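Descriptive structure summary
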Amino acid sequence: MGAKATGATGYADILKAPHAARLLAGTLVGRLPNATAHIAIVLFTRAEGGSYTLAGGLAAAYGIATAIGQPLLGRAIDLHGQPKVQLPAAVVSALGMVLLAAVGIGSLPLAYAAVALAGLFTPPLEGGLRALWPNVLGRQDRVHRAYAMDAVAQEIMFTLGPLLVTVVVSLWSAGAALLVINALGVLGALSVVLSEPSRSWRSAPRDAHWLGALRSSGLLALLGSFFFVGLALGSITVAGVSYADDHGRESVYGILMAALGLGALIGGACYGARQWAGAPERRLMVLIALLALGYLPLVLTPGVVLMTVLSAVAGVFLAPAIACAFIVVDRHAPRGTVTEAFSWLVTTFGVGAAAGTALAGPAAEWGGTDWSFAVAGAGGIAALVVLVATQRVLAAPERTNDIVGFGSGLSGQGEPATENDRNGAAEPGFSSGLEA
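Notes on the nonpolar core
- Judged by nonpolar contacts, the single largest core of 100 residues is most densely connected at Leu100, Trp133, Phe226, Leu284, Ile288 and Tyr295.
- Element by element, the count of residues in this core is highest for helix α11 (residues 217–246), at 12 residues.
- Once residues lying within four places of it in the same chain are set aside, the contact partners of phenylalanine 226 are Leu284, Ile288, Ala321, Ile322, Ala325, Leu345, Thr348 and Phe349.

Section: unusual backbone geometry
- Located in the positive-phi region is histidine 19, a residue other than glycine, with phi close to 75 degrees.
- Within the secondary structure, histidine 19 is located in the loop between α1 (9–16) and α2 (20–30).
- Residues other than glycine seldom take positive phi values, yet threonine 301 does so here, at roughly 40 degrees.
- Position of threonine 301 relative to the elements: it lies in the loop between α13 (280–295) and α14 (304–315).
- By relative accessible area, threonine 301 is classed as partly exposed at 25%.

Examining helix α9 (residues 174–193)
- Over its 20 residues, α9 extends 29 Å from the first C-alpha to the last, a length consistent with the 28 Å expected when each residue adds 1.5 Å.
- Listed as buried for α9 are Ala174, Gly175, Ala176, Ala177, Leu178, Ile181, Asn182, Gly185, Gly188, Ala189, Val192 and Val193.

What about the packing of α11 against helix α15 (residues 318–332)?
- With their axes 10 Å apart at the nearest point, α11 and α15 run at an angle of 160 degrees to one another. By the criterion of interaxial angle, the relationship of α11 to α15 is roughly antiparallel. The handedness of the crossing between α11 and α15 is left-handed. Each of Gly218, Leu219, Leu222, Phe226, Val229 and Leu233 in α11 lies in contact with α15, whose residues at this interface are Leu318, Ala321, Ile322, Ala325, Val328, Val329 and His332.

A look at the packing of aromatic side chains
- Throughout the structure, instances matching the rule amount to 4 aromatic pairs.
- Relative to phenylalanine 349, the ring of phenylalanine 226 lies with its centre 6.5 Å away and its plane at 45 degrees, an arrangement referred to as tilted. Of this pair, phenylalanine 226 sits in helix α11 while phenylalanine 349 is found in helix α16 (residues 338–367), placing the two residues 123 residues apart along the sequence.
- Between tyrosine 271 and tryptophan 276, the ring centres sit 5.5 Å apart and the planes meet at 15 degrees, which makes this aromatic pair stacked.
- Residue class for tyrosine 271 comes out buried when judged on its relative accessible area of 6%.

Side note on helix α3 (residues 32–47)
- In this model α3 runs 21 Å from its N-terminal to its C-terminal C-alpha over 16 residues, within 8% of the 22 Å that 1.5 Å per residue would give.
- Most pronounced at histidine 38, the bend in α3 amounts to some 45 degrees.
- Of all the positions in α3, only Leu32, Pro33, Asn34, Ala35, Thr36, Ala37, Ala40, Ile41, Phe44 and Thr45 are classed as buried.
- Phi for glycine 49, located one or two positions after α3, is positive at around 95 degrees.

Looking at a nonpolar patch on the surface
- There is a patch of nonpolar side chains on the surface, built from Ile156, Leu160, Leu163, Val167, Leu171 and Trp172 and spanning about 620 Å² of accessible area.
- Residue classification places leucine 163 among the partly exposed positions, given a relative accessible area of 48%.

A look at the pattern of salt bridges
- In total, this model carries 2 salt bridges according to the counting rule given.
- The residue arginine 31 makes a salt bridge to glutamate 126 at a minimum N-O spacing of 2.9 Å. Note that arginine 31 is positioned in the loop between α2 and α3 and glutamate 126 in helix α7 (residues 125–137), a separation of 95 residues in sequence.
- Put simply, glutamate 281 and arginine 331 hold a salt bridge, and the shortest N to O gap is 2.8 Å. With glutamate 281 in helix α13 and arginine 331 in helix α15, the pair connects residues that are 50 residues apart, well separated along the chain.

Rules used in this analysis
Residues numbered from 1 in each chain as written. Predicted model: local features only at pLDDT ≥ 70, side-chain atom pairs only at ≥ 80, totals over all residues. Heavy atoms only, no water. Core = buried A, V, L, I, M, F, W, Y, C linked by side-chain atoms within 4.5 Å. Buried < 20%, exposed > 50% of the residue type's maximum accessible area, 1.4 Å probe, protein only. Helix = DSSP H or I, 4+ residues; strand = E, 2+ residues; numbered from the N terminus. Contact = heavy atoms within 4.5 Å. Expected span 1.5 Å × (residues − 1). Axes fitted to C-alpha atoms, helices over the stretch in contact; angles between N-to-C directions. Parallel < 35°, antiparallel > 145°, perpendicular 65-115°, else oblique. Left-handed = near helix turned anticlockwise from the far one by under 90°. Phe/Tyr/Trp six-rings, centres within 6.5 Å; stacked < 30°, edge-to-face > 60°. Bend = angle between axes of the 7 residues up to and from the residue. Patch = residues over 30% accessible without salt bridge, like charges linked within 9 Å, V, L, I, M, F, W, Y side chains within 5 Å. Areas by Shrake-Rupley, 256 points an atom, 1.4 Å probe, with all protein chains shown as cover. Salt bridge = Lys/Arg side-chain N within 4 Å of Asp/Glu carboxyl O.

So, in structure tokens, the structure goes:
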């Protein structure tokens, strides 16, 4: 993985681009409901007197509904544009949580319907932002750095979001937390869809096909790999609880998760600060191999200090792998399906995380903490095996760079921009940012 340093000013250069800071901030705020939904639902259910089983069931219903809704809404965005889908979806999703706060758990069918509604209409802001970056930033090297910055920002959001929920719960109530978080989510989505890039963006023309983005063999290979990456990460969240129980301190769990997040922050920041040469598919294979190697030592379950260090190391290659995966998605998504393709990656990762959570629990009960961490190691190895087995498919991107008439068409390293880099660039009255 050859690289060229770009200096610490790389991220600042991105944020100085017109609309970039607003889009990033709006997307992160808009995704707060999704990032905090599981903990908010659990806290609300427990505050209402419900069992952990019911809380888990409601959280699972939300997660399943989200997994179904994301690619469907992503396809709708590719067909109809962002404002017509993102904002209405955010409002309906918020109303679902308002309904839950209003009816409580007195009527379980209504409670399940409320969380399913909220999950199904969770707006695909994450995929939408990645579809906008090429138009906002222009050069492909800046887009790739933005993907890494986005991955780092997500780690911050997934760290601060649950903290915000617990603060609101402590100051007011669990029901208030549901309302506040989702109100912020609607405001974040509103900020995004009112921006000029979101209003002007149009997907490239697409061929009618019921499979949409899933007709790409390369994309399917990537999704198969990232299912297991999600499985590995999901299993660690449960294995960490088991490890904390073994050491008799609940705070140990928070320490391990913080170390994992810190590692991801460091890895993402370092990865995005450089320009990487070579095909992103090969680079992704190396990153996934390193990610798997980072998960394997966790099976040793040493003392807390060393385990904290191992957790930080395990997190280092997560954000770089996700950022690189965004590039691969963009190269393999069929014409006109970029938002849907990004949404499928998010969905597959989430489903894998849920599967990892489900597997690590029984593994901890039957075999102990080390077996639950072994699920993470197995997930990382399986993710690598999928990439190795499908490397020929991944080596042939869905689209070629043969479209003409789009300004420079070359990144700062002489690398042709992908077709999805050009989505919406021909809209009148909107600068693509190539002059930068």
